[in-house]
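# Descriptive analysis of the structure
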Amino acid sequence: NAGVTQTPKFRVLKTGQSMTLLCAQDMNHEYMYWYRQDPGMGLRLIHYSVGEGTTAKGEVPDGYNVSRLKKQNFLLGLESAAPSQTSVYFCASSTFTGDEQYFGPGTRLTVT
Amino acid sequence: GENVEQHPSTLSVQEGDSAVIKCTYSDSASNYFPWYKQELGKRPQLIIDIRSNVGEKKDQRIAVTLNKTAKHFSLHITETQPEDSAVYFCAAIRAGGATNKLIFGTGTLLAVQP
């Protein structure tokens, strides 16, 4: 049981490049989330999903897109990376809202 | 929407002393309040949580108290040890509500000096 995994662990992008971050969970959780973590700002919710085929905006959705084609996977896309998107990205999942969220190991993204 | 404020941003204690971290929330409908611990370079992990129908919850050296009237909740760590050094985040959510969003505080860096 791997829990929540994220791919890749590290990435360096140039401004304007695109990339997709993959989150996978093997706990059969309904809810999945993408957060970004910046120094002094805690964890901020980018997008989330309450089930396969559904997505919703969080606090800071601009510049990101997501897809939940399969229940176990939640993808975060950056279409045109900007230096302001340099951050550590965490994926999380939970059985339902109001329950413990299990976090992945994080992806450190640097945009130059 | 919900807003969570957390204080202090940094806290240094001597080993064996107690540490207290406080959070306030704005949405009186919030009913689930977890605390996460994040060690350097690691993922956040849940250490304790409390729901609005309970005023206090303990788990060995850690406890959380909730004051719904004042809309604040606190994390208490007794007999601190060096391995308690980490960043601690509080959070709040209206479980079962329409927004489904867990709102985090900005974190407290706890340093336990041996």
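In what follows, the structure referred to is the one given above.
Residues numbered from 1 in each chain as written. Chains lettered and ligands numbered in written order. Predicted model: local features only at pLDDT ≥ 70, side-chain atom pairs only at ≥ 80, totals over all residues. Heavy atoms only, no water.

## Here we look at the overall build of chain A
To be explicit about the condition: Here a strand is any run of E in DSSP of at least two residues, a helix any run of H or I of at least four, and the numbering for each starts at the N terminus. C-alpha atoms define the radius of gyration, and 2.2 Å times the number of residues to the power 0.38 defines the globule rule. The rule is simple: take the accessible area with a 1.4 Å probe, protein chains only, and divide by the maximum for that residue type; under 20% is buried, over 50% is exposed, in between is partly exposed. Whether two residues are in contact is decided by their heavy atoms: any pair within 4.5 Å suffices. Every accessible area reported is derived by Shrake-Rupley at a probe size of 1.4 Å, with residue values counting cover from the shown protein chains alone.
What chain A contains, in helices and strands, is 0 helices and 11 strands. Going from the N terminus to the C terminus, chain A shows its helices and strands as β-β-β-β-β-β-β-β-β-β-β. Relative to the 2.2 N^0.38 estimate, which gives 13 Å for 112 residues, the radius of gyration of chain A is 13 Å and therefore close to what a compact globule would have. If one aligns the C-alpha atoms of chain A with their principal axes, the spans along those axes are about 35 × 30 × 25 Å. Residue burial in chain A is summarised as follows: out of 112 residues, 48% are buried. Considering only residue pairs separated by 6 or more positions, chain A has 55% of its internal contacts joining residues 24 or more positions apart. Total accessible area on chain A stands at roughly 5,100 Å², and carbon and sulfur atoms take up 53% of it.

## Examining the pairing of strand 11 (residues 108-113) of chain B
Residue and element names in this part refer to chain B. Inclusion rule: Paired strands, as defined in this entry, are two strands with at least two bridges between them according to DSSP.
Along strand 11, the buried face is formed by T108, L110 and V112; none of L109, A111 and Q113, which line the opposite face, is buried. Judged from the 5 bridges that link them, strand 2 (residues 10-14) and strand 11 form a sheet pairing that is parallel. Along strand 11, the bridge assignment pairs Q14 with Q113. For strand 9 (residues 86-92) and strand 11, the ladder comprises 3 bridges, and the chain directions are antiparallel. If you follow Y88 over to strand 11, its bridge partner there is T108.

## Focus: the state of the cysteines
One way to say it: the disulfide is the covalent bond shared by the sulfur atoms of two cysteines. What counts is decided by this rule: Cysteine sulfur atoms that pair up within 2.5 Å are treated as a disulfide.
What the rule picks out here adds up to 2 disulfides over all chains. Across a sulfur-sulfur distance of 1.8 Å, C23 of chain A and C91 of chain A are joined as a disulfide pair. Where C23 of chain A bonds to C91 of chain A through sulfur, the torsion about that S-S bond is close to -75°, and the disulfide is left-handed. With C23 of chain A in strand 3 (residues 19-25) and C91 of chain A in strand 9 (residues 87-94), the pair connects residues that are 68 residues apart, well separated along the chain. Of the residues examined, C91 of chain A reaches a relative accessible area of 0% and is grouped as buried. Disulfide pairing places C23 of chain B opposite C90 of chain B at an S-S distance of 1.9 Å. Residues C23 of chain B and C90 of chain B share a disulfide whose torsion about the S-S bond is about -100°; that sign makes it left-handed. Here the residue C23 of chain B occupies a position in strand 3 (residues 19-25), and C90 of chain B occupies one in strand 9, the gap between them amounting to 67 residues. Residue class for C23 of chain B comes out buried when judged on its relative accessible area of 1%.

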